[in-house]
Amino acid sequence: MINRVREITRIGVFTSGGDSPGMNAAIRAAVRTAIYKGKKVTGIYHGYQGMIDNSMFDMDSPSVSSIIQQGGTILKTARCMEFKTVEGRAKAYENVKAAGIDALVAIGGDGTFTGAEIFSREYDIPMMCIPGTIDNDLNGTDLTIGYDTANNTVIEAIDKIRDTAASHNRLFFVEVMGRDSGCIALNAGIAGGAEAILLPEKDTAIEELIDMLSQGADSNKSSMIVIVAEGDKNGGATDVAKRVKEKFDNFDTKVSILGHLQRGGSPSSADRVLATRMGYYAVNELLKGNSRATVGIRGSEIVTTPLEEALSKKELKLNEDLVEIAKIMAI
Ligand code: ADP
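Remember, predicted model here, so these are calculated numbers, not experimental data.

Cut-offs applied
Position labels on residues start from 1 in each chain and follow its written sequence. Where local features are concerned, this predicted model is filtered to residues with pLDDT of at least 70; where side-chain atom pairs are given and counted, the filter is 80 or more; whole-chain, interface and lining totals use all residues. Hydrogens and water molecules were not included; the side-chain quantities draw on all heavy atoms of the structure. Throughout, the term near means that a residue has one or more heavy atoms lying within 4 Å of the molecule or strand in question. Two N or O atoms count as a polar contact when they lie within 3.5 Å, although within protein this holds only if one can serve as hydrogen donor and the other as acceptor, and sequence-adjacent residues are included solely when both atoms are side-chain atoms. Secondary structure counts use DSSP, requiring at least four H or I residues in a row for a helix and at least two E residues in a row for a strand, with both numbered from the N terminus. Residue polarity follows a fixed list, in which Ala, Val, Leu, Ile, Met, Phe, Trp, Tyr, Cys and Pro are nonpolar, Asp, Glu, Lys and Arg are charged, and the others, Gly among them, are polar. Only buried residues count toward a nonpolar core. Its members are Ala, Val, Leu, Ile, Met, Phe, Trp, Tyr and Cys residues joined through side-chain atoms within 4.5 Å. Relative accessible area decides the class of each residue, using a 1.4 Å probe on protein chains only: under 20% of the type maximum gives buried, over 50% gives exposed, and in between gives partly exposed. Here the bounds of each domain stem from an automatic or database domain assignment. Two residues qualify as a contact provided that any one of their heavy atoms is within 4.5 Å of a heavy atom in the partner residue. What gets called buried area is simply the loss in accessible area from a 1.4 Å probe that two parts show on being joined, summed for both. Within this document, salt bridges are pairs made up of a side-chain nitrogen of Lys or Arg and a carboxyl oxygen of Asp or Glu, the two lying within 4 Å of each other. Two rings belonging to Phe, Tyr or Trp (six-membered ring only in the last case) form a pair when the distance between their centres is within 6.5 Å. Interplanar angles under 30 degrees mark stacking, angles over 60 mark edge-to-face geometry, and anything in between is tilted. UniProt positions are given in the numbering used here, feature names are shortened, and annotations may be inferred rather than shown by experiment. In this analysis, strands are considered paired if DSSP registers two or more bridges between them. Helix axes use the C-alpha atoms of the stretch in contact, all axes being lines fitted to C-alpha atoms, and the angles between their N-to-C directions lie in the range 0 to 180 degrees.

Visitor: Would you mind showing me how to read the site of the ligand here?
Guide: Surveying the vicinity of the ligand reveals 16 residues, the closest of which are R79, C80, G109, G111 and T112. Take G109: an N or O atom from its main chain is 3.0 Å from an oxygen atom of the ligand. T112 places a polar side-chain atom, nitrogen or oxygen, 2.5 Å from an oxygen atom of the ligand. Top contributing element to the shell around the ligand by residue count: helix α4 (residues 110-123), with 6 residues. Here the shell around the ligand is composed, by residue class, of 4 nonpolar, 8 polar and 4 charged.

Visitor: It is not clear to me how the nonpolar core should be interpreted in this structure. Could you clarify?
Guide: Buried together is how nonpolar side chains tend to be arranged in soluble globular proteins. Of all hydrophobic cores here, the largest spans 31 residues; its most connected members are I11, V13, I27, V105, I107, I130 and M278. Those elements giving two or more residues to this core turn out to be β1 (10-15), α1 (23-36), β4 (103-108), β5 (127-131), α9 (269-288) and β10 (293-298). Looking at which element gives the most residues to this core, the answer is α1, with 7 residues. Core analysis: the next-biggest nonpolar cluster, separate from the first, contains 27 residues, A194, I197, L258 and V323 among them.

Visitor: What should I look at first to understand the domain arrangement of the protein in this one?
Guide: One widely used convention gives an interface's size as the accessible area the parts lose upon coming together. Domains assigned within the protein are domain 1 (10-146 + 267-312) and domain 2 (148-263). Counting residues at the interface gives 13 residues for domain 1 and 11 residues for domain 2. Sorting the residues of domain 1 by area buried against domain 2 places D19, I134 and D135 first, and these three jointly supply 46% of that buried surface. One can count 1 salt bridge joining domain 1 with domain 2. Between R263 and D19 there is a salt bridge, with its nearest N and O atoms 3.2 Å apart.

Visitor: Would you take a moment to explain the packing of aromatic side chains for this structure?
Guide: Applying the stated criterion to the full structure yields 7 aromatic pairs. With centroids separated by 6.3 Å and ring planes inclined at 65 degrees, the aromatic side chains of Y93 and F119 adopt a geometry described as edge-to-face. Note that Y93 is positioned in helix α3 (residues 86-98) and F119 in helix α4, a separation of 26 residues in sequence. Ring centres 4.4 Å apart and planes at 10 degrees place the aromatic pair Y93 and Y123 in the stacked group. Taken together, the positions of Y93 in helix α3 and Y123 in helix α4 put the pair 30 residues apart, joining distant regions of the chain. Given a relative accessible area of 18%, Y93 falls into the buried group. Exposure remark for Y123: the relative accessible area of 22% places this residue in the partly exposed category. Taken together, F14, Y48, F83, Y93, F119 and Y123 form an aromatic cluster joined through their ring pairs.

Visitor: Please explain the pattern of salt bridges as it appears in this structure.
Guide: Counted by the stated rule, this structure contains 18 salt bridges. The partner of D58 in a salt bridge is R10, and the shortest N-O contact between them spans 2.6 Å. On the criterion of sequence distance, the pair formed by D58 in strand β3 (residues 56-59) and R10 in strand β1 is long-range, its members being 48 residues apart. The class for D58 is exposed, based on a relative accessible area of 55%. With relative accessibility at 12%, the residue R10 sits in the buried group.

Visitor: Quick question: what am I supposed to make of the UniProt feature "active site" (unreviewed entry) in the protein here?
Guide: In the UniProt entry, the feature "active site" (unreviewed entry) is given for D135. Topologically, D135 is positioned in the loop between β5 and α5 (147-168). In contact with D135, other than residues within four places in its own chain, are M177, G178, S181, C183 and I184.

Visitor: What is the right way to look at the sheet that holds strand β2 (residues 40-44) in this model?
Guide: Strand pairing in a sheet is mediated by backbone hydrogen bonds. Such pairs are either parallel or antiparallel. Taking strand neighbours across the sheet as the criterion, the 7 strands line up as β3-β2-β1-β4-β5-β10-β11 in an open arrangement whose pairing is mixed. The open sheet is flanked by β3 and β11 (301-306), the only strands paired with a single partner. Across this sheet, the average inter-strand angle for adjacent strands is 30 degrees, counted without regard to direction. Note that β5 and β10 share 2 bridges and pair parallel. Note that in β10 the partner of M128 across the bridge is A293. Lying over the sheet, α1 contacts β1, β2, β3, β4 and β5, oriented at roughly 180 degrees with respect to β1.

Visitor: Can you help me understand the side chain of T33 in this one?
Guide: Along the chain, T33 turns up in helix α1. Apart from the residues lying within four places of it in its own chain, the contact partners of T33 are Y280, V283 and N284.

Visitor: Looking at this structure, I do not really get the UniProt feature "binding site: ATP" (unreviewed entry) in the protein. What am I missing?
Guide: Under the UniProt annotation, the feature "binding site: ATP" (unreviewed entry) is placed at G18, R79, C80, G109, D110, G111 and T112. Considering the C-alpha atoms alone, the annotated residues occupy 95 residues of sequence yet fold into one spot, their largest mutual distance being 13.8 Å. Note that G18 resides in the loop between β1 and α1. Judged by its relative accessible area of 16%, G18 falls in the buried class. Leave out the neighbours within four places in its chain, and G18 touches M23, R79, G132 and R263. With respect to the element layout, T112 can be found in helix α4. Among residues more than four places away in sequence, those in contact with T112 are F14, S16, G17, Y48, A106 and I107.

Spelled out as structure tokens, the structure:
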């Protein structure tokens, strides 16, 4: 943490990288807190790309009216390769300086955090990050904005799949997002009563999966649902289904890949409140002189972690108790 209180008159706010439900609530909270504290606010479109292209606008309190319930991000988001270059960041800084921005709030994932760490160090500009991603795979926080909503979206889909699966004796393989993180698969799998859950963090052999499903078939289950995180080492749901299918002749095997619908939708109450707390906290921390850090939640408390620390390790988010519980609940 850099403790250095310097006068901040205008705060720039942007969203970057993958979008997640609740980003709007975080934007709203940051903007309104800054205005309440007598600061000016600039909204930056398309993340780092908007800094380079000088795509910015003045924000006031009405700019963020009626957005708390909207998914996506009103500031748009982008992946910007140019920002990874020294020249790109120099261009971005020129525009940021010309706009009178003297501190930044970035909402995004670990790529966004990496960019923030470099930019804020290179140009000595105060920055605070807010974790926005459905994957819940960021350090410095127990929960990321969008994770709760994505879980709710997935269980709604699983419940619907269960209705049709049970009517036809079907074995369903449902693929959910999570290239490196099994958090959504595990939580939604438990909440949706999945018969098996395949996670990127665990090596589940196909034979083990077949054993688990055989148990279900032997106990006369009328439907079985396997949740496959997209990053599972056996491949996606389609690959896994192909390898398991012939062992379960009594079941009609189907695959459903939920895809990008998991990123959308109106944020849950939990995500709206989390995002609001984090947006408020990010601005207050900047005004207190904190910088180059990410906001997070630990238990019920909002905390900050220096970006350098947050980016240097990989916290294991998968709860081993839940892995065990999921197995027991599937018998
Ligand atoms: P997320 O923030 O969701 O992880 P990305 O990994 O795409 O999404 O990162 C978002 C943006 O952050 C990138 O498009 C790029 O502009 C910036 N960024 C990522 N890594 C770096 C880096 N090493 N240096 C500078 N900027 C970076």
